[in-house]
Amino acid sequence: MTEHAPPADDQPAGGVRVRFAPSPSGDLHVGNIRTALYDWAFARHTGGTFVLRIEDTDRSRVTTEYIASALDTLRWLGLEWDEGPEVGGPYGPYLQSERMDIYREWVQRLLADGHAYYCYCTTEELAARREAARAGGGPSGYDGHCRVLTAEQVRAYQAEGRMPVVRFRMPEGSTTFTDLVRGEVTFDHQHVPDFVLARADSSPLYTLAVAVDDVLMKITHVVRGEDLLSSTPRQIAVYRAMGVPEERFPVFAHLPYVLGKDGQRLSKRNGVVSANWYRQEGFLPEAIDNYLALLGWSPGDNREEFTLEEMAAEFDLARVNKNAAQFDVRKLESINGDKIRALDPADFVSRIIPFLQRAHVIGDPPSDAEVALVTAAAPLIQTRISRLTEAVGMLVFLFAGAGFEVDAQDAAKVLTPDAAPVLRAAEAALAEAEPWTAEVIEAALFAALVEPAGLGLKPRVAFAPVRVAVTGHRVSPPLYQSIELLGRERTLARLAEAAKAAG
Ligand code: GLU
């Protein structure tokens, strides 16, 4: 037992050690990310260590692929860990599936010390007794049936071939701890029945593995979601049974729930929860971080927009709200638009390129000419979009050579027979425009379509068909610059084509 003994007589590692401990059985969801963000910010603010531990004891749910995706998502969000998978550290391994021997050893030790016992009750027996207890109005948790078995009873169970689980002997009394978000919290152990530490096949359960690891990894702060509040008295009881002195117990901080629009806990049913979905939909990591930071915390002033570094500088658990926070995708989108506008132009280009590639608007890798065109067009849309995905619809007209298509609905509305002479006049005017710049294009179109010497139309009537003919949509980047970037040849061809279609 010496190898994995609790840190009873050595000094704590020193400084804050806070862990994020996901069990990724799918994409990390918004609630996980909020927890990771607060863990990270707390570690950075205090100059402590951010530990990432993957709780994958149930490998039927937590797969290698989900773990890889979780690491990728955290890195994308800028939440780099100091210890954990891929980076290592002095208290590894950081995947619980690689720590099974440690848990088995602790189960044996807890059994030997009398803190745990074998329980032979079958699922059916447990269910029947639970039902009876409920009917009698009593507590429906485990009733302590196997706490004291005679040698004879044990032999009889073994003769039946029953395989026991290992249960923790929850002491009488109560547990009180000071939660850094919720204040003093007390659990009466009447409501904390003896719980299973290890299954019949000796695989550990969450409560054992989490407590053992928090102790062995010298975690000083457990900052996690409120859904885990009720497991805290069990964990504290395990620390005590492991022989950890009270002053070395981690401090807990339980973060408020994140709710969907309907006021229920955010889930697939009332919102989109997968962090990867937001990534694919063109949300910036800095916008997600910023928005999730606000779901339960705020800097001292009324600022709503800040960087990850600013958050780390100011983060304080004392200012985390006890009340649940409501997830509002429109607010996230508005922050996303602001963060997009604030990007350095070259950075904006590098962010939209992957979306244009995925949509096959440009090649993968793109040619130099494609990159040059994206770079020239990017300033036309940077202030006009609130998700990077919108760049695809706005810029596709510049790249779609022979495959260019006019939106059918917009064509039906705008490319009517009345539009044909407008389009022909535009074509004639632009055939002559020299040099091919946005200013000259604008002047030429005004002279031909709007001025009394030309067609004398209202600008709205004049330009809608030109815009649809050239960009394919009624909503587009600024028209004259778009035409300049598209080039004379393709512009004239599209105007001629649209004029023919209009009649
Ligand atoms: N692995 C647990 C979960 O994802 C969280 C463990 C903890 O933070 O204590 O729900």
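Residues numbered from 1 in each chain as written. Predicted model: local features only at pLDDT ≥ 70, side-chain atom pairs only at ≥ 80, totals over all residues. Heavy atoms only, no water.

Participant: How should I be thinking about the overall build of the protein chain in this particular structure?
Facilitator: Across its full length, the protein chain carries 20 helices and eleven strands. Since a compact globule built from 503 residues should have a radius of gyration of about 23 Å, the 32 Å found for the protein chain marks it as more spread out than a globular shape. Dimensions of the protein chain along its principal axes, counting C-alpha atoms only, are 110 × 45 × 40 Å. Per-residue burial over the protein chain gives 50% buried out of 503 residues. (Helix = DSSP H or I, 4+ residues; strand = E, 2+ residues; numbered from the N terminus. Rg over C-alpha atoms; globule rule 2.2 N^0.38 Å. Buried < 20%, exposed > 50% of the residue type's maximum accessible area, 1.4 Å probe, protein only.)

Participant: What is the right way to look at the site of the ligand in this model?
Facilitator: Contacts to the ligand come from Arg 19, Ala 21, Pro 22, Ser 23, Glu 55, Tyr 206, Val 210, Arg 224 and Leu 228. Arg 19 places a polar side-chain atom, nitrogen or oxygen, 2.7 Å from an oxygen atom of the ligand. The separation between a nitrogen atom of the ligand and a polar side-chain atom of Ser 23 is 2.8 Å. Taking 300 Å² as the accessible area of the ligand by itself, protein coverage stands at 80%. Judged by the fraction of its atoms near the pocket grid, the ligand is located in the largest pocket. Grouping the amino acids of the shell around the ligand by side-chain chemistry returns five nonpolar, one polar and three charged. (Near = heavy atom within 4 Å. Polar contact = N/O pair within 3.5 Å; in protein donor to acceptor, adjacent residues only side chain to side chain. Areas by Shrake-Rupley, 256 points an atom, 1.4 Å probe, with all protein chains shown as cover. 1 Å grid on protein atoms, 1.4 Å probe; cavity = no way out; pocket = protein on both sides within 12 Å on 5 of 7 lines; lining within 4 Å. Sits in = over half its atoms within 2 Å of the grid points. Nonpolar A, V, L, I, M, F, W, Y, C, P; charged D, E, K, R; others polar.)

Participant: Got a minute to help me understand the sheet that holds strand β3 (residues 116-119) in this structure?
Facilitator: One key point about sheets: their strands pair by backbone hydrogen bonds, in either a parallel or an antiparallel sense. One open sheet holds the three strands; their spatial order is β3-β4-β7, and the pairing between them is antiparallel. Here the strands that pair on one side only, and so sit at the sheet edges, are β3 and β7 (196-198). Taken pair by pair, the neighbouring strands of this sheet meet at an average axis angle of 45°, ignoring direction. When β3 meets strand β4 (residues 165-168), the two strands line up antiparallel, connected through four bridges. Residue pairing in the sheet places Cys 119 in a bridge with Val 165 of β4. (Pairing = 2+ DSSP bridges. Axes fitted to C-alpha atoms, helices over the stretch in contact; angles between N-to-C directions.)

Participant: Help me understand the layout of surface pockets, please; the structure alone is not making it clear to me.
Facilitator: Gaps between atoms show up when a probe of the same size as a water molecule is rolled over them. Taken as a whole, the largest pocket encloses approximately 1200 Å³ of empty space. Mapped by element, the contributors of at least two residues to the lining of the largest pocket are β1 (17-20), α1 (30-46), α6 (206-216) and β8 (221-225). Element by element, the count of residues in the lining of the largest pocket is highest for α1, at five residues. Classifying every residue of the lining of the largest pocket by side-chain character gives 19 nonpolar, twelve polar and 13 charged. By volume, the second largest pocket amounts to about 310 Å³. If you go around the second largest pocket, you meet 16 residues; those closest to its centre are Tyr 142, His 189, Gln 190, Val 192 and Pro 193. Its residues assigned to classes, the lining of the second largest pocket comprises six nonpolar, six polar and four charged. (Points joined across faces, edges and corners; volume = space filled by probe spheres on them.)

Participant: How should I be thinking about the nonpolar core in this particular structure?
Facilitator: The nonpolar side chains of a soluble globular protein tend to be buried, and buried together. Among the nonpolar cores identified, the biggest contains 117 residues, and Phe 327, Ile 352, Leu 430 and Leu 449 are the most heavily contacted of them. Among the elements that take part in this core, α1 stands out by supplying nine residues, more than any other. Each residue touching Leu 430, except ones within four places of it in the same chain, is listed here: Trp 436, Ile 441, Ala 444, Leu 445, Ile 483, Arg 488, Thr 491, Leu 492 and Leu 495. Residues Val 107, Phe 168, Val 185 and Phe 187 belong to the second largest nonpolar core, which totals 40 residues. (Core = buried A, V, L, I, M, F, W, Y, C linked by side-chain atoms within 4.5 Å. Contact = heavy atoms within 4.5 Å.)

Participant: Can you walk me through the packing of helix α13 (residues 368-381) against helix α14 (residues 390-399) in this structure?
Facilitator: Working note: a packed helix pair is described by the angle between its axes plus the distance between those axes. It is at 11 Å that the axes of α13 and α14 come closest, and there the two elements cross at 130°. Overall, the two elements α13 and α14 adopt an arrangement that is oblique. Relative to α14, α13 is oriented so that their crossing is right-handed. Where α13 approaches α14, its residues Glu 370, Leu 373, Val 374, Ala 377 and Ile 381 are matched on the opposing element by Ala 391, Met 394, Leu 395, Leu 398 and Phe 399. For the contact of α13 with α14, a count of residues per class yields nine nonpolar, no polar and one charged. (Parallel < 35°, antiparallel > 145°, perpendicular 65-115°, else oblique. Left-handed = near helix turned anticlockwise from the far one by under 90°.)

Participant: Honestly, empty space enclosed by the protein in this entry has me stumped. Any pointers?
Facilitator: A complete count under the given rule lists one cavity of 30 Å³ or more for this structure. Considered as a void within the structure, the largest cavity measures approximately 60 Å³ in volume. Mapped by element, the contributors of at least two residues to the lining of the largest cavity are α1, α8 (275-280) and α9 (285-293). Considering only residue class, the lining of the largest cavity consists of ten nonpolar, no polar and no charged.

Participant: How do you make sense of the packing of aromatic side chains when you look at a structure like this?
Facilitator: How two aromatic rings sit relative to each other is set out by the distance from centre to centre and by the angle between their planes. Following the criterion strictly, the structure yields 14 aromatic pairs and no others. The interplanar angle of 70° and the centroid separation of 5.4 Å between the aromatic rings of Tyr 278 and Phe 283 together place this pair among those described as edge-to-face. An identical accessibility class is assigned to Tyr 278 and Phe 283; each is buried. Counting every residue linked through ring pairs, the aromatic cluster contains Trp 277, Tyr 278, Phe 283, Tyr 291 and Phe 327. Above the face of the Phe 404 ring, Arg 494 is positioned so that its terminal group lies 3.7 Å from the ring centre. (Phe/Tyr/Trp six-rings, centres within 6.5 Å; stacked < 30°, edge-to-face > 60°. Lys NZ or Arg CZ within 6 Å of the ring centre and 35° of its normal.)

Participant: Looking at this structure, how should I read the environment of Arg 424?
Facilitator: Within the secondary structure, Arg 424 is located in helix α16 (residues 419-432). On the basis of relative accessibility, which here comes to 43%, the residue Arg 424 falls in the partly exposed class. For the pair Arg 424 and Val 18, spaced 406 residues apart in sequence, the C-alpha separation works out to 69 Å.

Participant: Whenever I open this one, the pairing of strand β9 (residues 251-255) confuses me. Can you help?
Facilitator: Successive residues of a regular strand alternate their side chains across the two faces of the sheet. Burial of β9 is extensive: four of the five residues sit out of reach of the surface. Pairing geometry for β8 and β9, over five bridges, is parallel. Directly across from Arg 224, in β9, lies its bridge partner His 254. Viewed along the sheet, the connection from β8 through helix α7 (residues 232-241) into β9 turns out right-handed. (Right-handed = clockwise from strand over helix to strand, strands pointing away.)

Participant: How do you make sense of the packing of helix α12 (residues 345-358) against α13 when you look at a structure like this?
Facilitator: Across the interface, α12 lies against α13 with an axial gap of 10 Å and an inter-helix angle of 110°. On the basis of their axis angle, the class for α12 and α13 is roughly perpendicular. Between α12 and α13 the crossing geometry is right-handed. On α13, the residues that touch Phe 348, Val 349, Ile 352, Ile 353 and Leu 356 of α12 are Val 371, Val 374, Thr 375, Ala 378 and Ile 381. Counted by class, the contact of α12 with α13 contains nine nonpolar, one polar and no charged residues.

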